[in-house]
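If you want the building blocks of each chain, they are given just below.
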Amino acid sequence: MTQPVRPGFGAGAASHMPVAAAAGLGAGALFVIGAAIAVRIWVAGAAERLTTPEAEQPKVAVADQSEVGYCTPQFKQVLERVLHSCGLAEGDSRRGCQPADVKTFASISDDDFNALFTPLKDRGAVVMFDEGEDKLDVKAQKLLEDKWFARKGARYFFVVARASKSGNQAKNRALSHRRANSVMFHLNEVASDPEIEQKVGLLWLGNEFAQLSKDYCAWPSSRGDVKCDEAAINRSAFVSWVDCRL
Amino acid sequence: MPGSKVKFSAVLALLASLLGLLFSSNSTLDYAKHLDRRLHDVHCSFIPGAPATSEAEACRVAMYSPYSALFKEHYWGGVPISLFALGAFAFYAAFSVYLLVYGSRAPRRAWQFFGFVSLLPLLASLVMFTISVTKLGTVCKTCVGIYISSVLLAVAGALGALSSKTESASEPRIVVGPVLPLVWLISLAIVSLVPALVYAASAPDERPYITNCGELKVPKIKNDEFVKIATTRPLQPTLLFEDPLCPTCKAFHERLVGENIIEKLDVNLVLFPLDSECNWMLDSALHPGACIVSKAVLCGGNQARQVLEWAFEEQEYLTRAGKQGPDTLRAAIKQKWGDTMLKCVDDRKTDTRLNNHLHFASDNNIPVSTPQMYLGSRRVCDEDTDLGLRFTLGQLAPEVLK
């Protein structure tokens, strides 16, 4: 790093020259080689980790439809049967399930069937009808729309229509069917969803299966301000999105 | 005492160089660690030797910025400029040792040379500091460590050069010829390059990994449309999942804009707010208010890009507003975009549209994180949207970089 001293300079200065140069060169070599080795080690370490899979992969949440607590295996089983038996899962032309179908595929008692829907109390609502009628009144329409547009992560929307506790079975069957259809028609009007058929599952129970007790009067309904009894609560369609993955 | 100022200058230069070595080592180490494509903490402290931390946003911004490295299209992440600092400070440290050992008898030309070249890190620091302030809007602490080292080094160099002129030596000074400073200068250049050459030579081949992050299963959104982000020369079909209140999305968007990439992308946007108010995939809101701001972007229509960029620009304010409640946020939207926009935001149909976007994410089982970029239907890995962005685009969509 230095050149020779000029003649006439002191011996002290001259003796410093090789020492200083050697120190500078030595330090230079140390720092540069040290830096190069460090860089090489850091990069090689990363390269090795790159080719070695992590022992414990960090868990990454994956986007999916919602799945909440009430999606018990039993609930899912019934849900799945409804989807297959009522033509939702395959997307064919069959729409809905009548009481005989529900009885067959659900393979559970009336009370157990209703109990499955208990956790949906706040997610869903009871749309009520006048006696012998299948027309949705304004409040029913509004409630139905509120529930429909609060879809969030659910995939399926269930409509469980009933008719009356008393009366002719065939007439009740037809009435509950018409009520389920009324709900479906209104949803078709407001939803503008070409895939609505793959989302809405219709069940009509007539007066044969899983009728509601008076306790269900406490559920959110389109006529919360009107006197409710067992007859009234069954003139209804229970509607709800179902937050279960299948 | 004869030569005391010169000695002091040499000691100060050595300390400054060692400090610079330490900070540039930390910066280089942070960069090199990320070559494994994993998440790592980053050194971000004024305190030399302070451990890496996850709270290092400013240093991450600097690291992911286009100014942090060279040759980003050829090497994954590029060759970090801290490597040149590492080499240069190694030279300055060695030269300081040389001057220190010489003491008061050090050749005047050596000090003059040192005084001159010690300004180079200061100049580089001034450039980088200006970029940090004007382009990045943040200053990283590790970078500040390098800036401080550079200032100290320049002070030491100037002081030494001046003192060698004025101070009398206890013994006659060595005289060196005019060629030697040229040799030193060449040495400085070579030594500055050594760490970068070693890095480039040993960097792993990342190409096999950039295509391993999955593909879209469902290419189109059901019953709805993506949000079109207007660009001037759309070449590469690109799908982005973004949350307007997500700081990482903002940084990513700024990188795309800053590197002049976005204009060549044919961007479809999917709103994916990380806010549990509308997004059922989260237990709690990561970005409260993001659902409302996302709806504003959906309502933007032809102006969607402007609304998105407004949300990014005003992100801090909107985030605060979001925490205060929906009314504050709605007022902010109304103030900027008017009553019609607010009506659209409050419309049920917009809720449904946002829900459709979220269901699109769910149908594709994408990771619950933002931002996410898909070139065509191929997902760009997270690490390739930050450090490896230019390299990955160079491999998968080279026309975007032309």
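Residues numbered from 1 in each chain as written. Chains lettered and ligands numbered in written order. Predicted model: local features only at pLDDT ≥ 70, side-chain atom pairs only at ≥ 80, totals over all residues. Heavy atoms only, no water.

Thoughts on the overall build of chain B
Moving on, step 1. Per the secondary structure count, chain B includes 15 helices and seven strands.
Moving on, step 2. Its C-alpha atoms put chain B at 90 × 45 × 35 Å along the principal axes.
Moving on, step 3. A total of 402 residues make up chain B; the buried ones form 57% of that total.
Moving on, step 4. In chain B, once contacts between residues fewer than 6 apart in sequence are set aside, the share between residues at least 24 apart is 76%.
Moving on, step 5. For chain B, the exposed area adds up to about 16500 Å²; of that, 60% sits on carbon and sulfur atoms.
Moving on, step 6. Considering chain B, the positive charge centre built from 38 side chains and the negative charge centre built from 37 side chains are found 7 Å apart. (Helix = DSSP H or I, 4+ residues; strand = E, 2+ residues; numbered from the N terminus. Buried < 20%, exposed > 50% of the residue type's maximum accessible area, 1.4 Å probe, protein only. Contact = heavy atoms within 4.5 Å. Areas by Shrake-Rupley, 256 points an atom, 1.4 Å probe, with all protein chains shown as cover. Lys, Arg positive; Asp, Glu negative; His and termini not counted. Charge placed at Lys NZ, Arg CZ, Asp CG, Glu CD.)

Considerations on the pairing of strand E4 (residues 236-242) of chain A
Residue and element names in this part refer to chain A.
Moving on, step 1. Burial analysis of E4 places seven of its seven residues in the buried class, the great majority of the element.
Moving on, step 2. Taken together, the four bridges between strand E1 (residues 125-128) and E4 define a ladder with antiparallel strand orientation. Considered in E4, the bridge of Val126 is made with Phe238.
Moving on, step 3. Sheet topology places strand E2 (residues 156-161) next to E4; six bridges connect them, and they run antiparallel. (Pairing = 2+ DSSP bridges.)

Here's the deal with the sheet that holds strand E3 (residues 200-204) of chain A
Residue and element names in this part refer to chain A.
Moving on, step 1. Spatially, E1-E4-E2-E3 is the arrangement adopted by the four strands of the open sheet, whose pairing is mixed. At either end of the open sheet lies a strand with only one pairing partner, and these are E1 and E3. Geometrically, the sheet is characterised by an average inter-axis angle of 20° between neighbouring strands, direction not taken into account.
Moving on, step 2. Note that E2 and E3 share five bridges and pair parallel. Paired with Ala161 across the bridge in E3 is Trp204.
Moving on, step 3. Docked against the sheet, helix H5 (residues 138-149) engages E1, E2, E3 and E4, running at close to 150° with respect to E1.
Moving on, step 4. Sheet strands in contact with helix H6 (residues 169-191) are E2, E3 and E4, and its direction is about 160° off that of E3. (Axes fitted to C-alpha atoms, helices over the stretch in contact; angles between N-to-C directions.)

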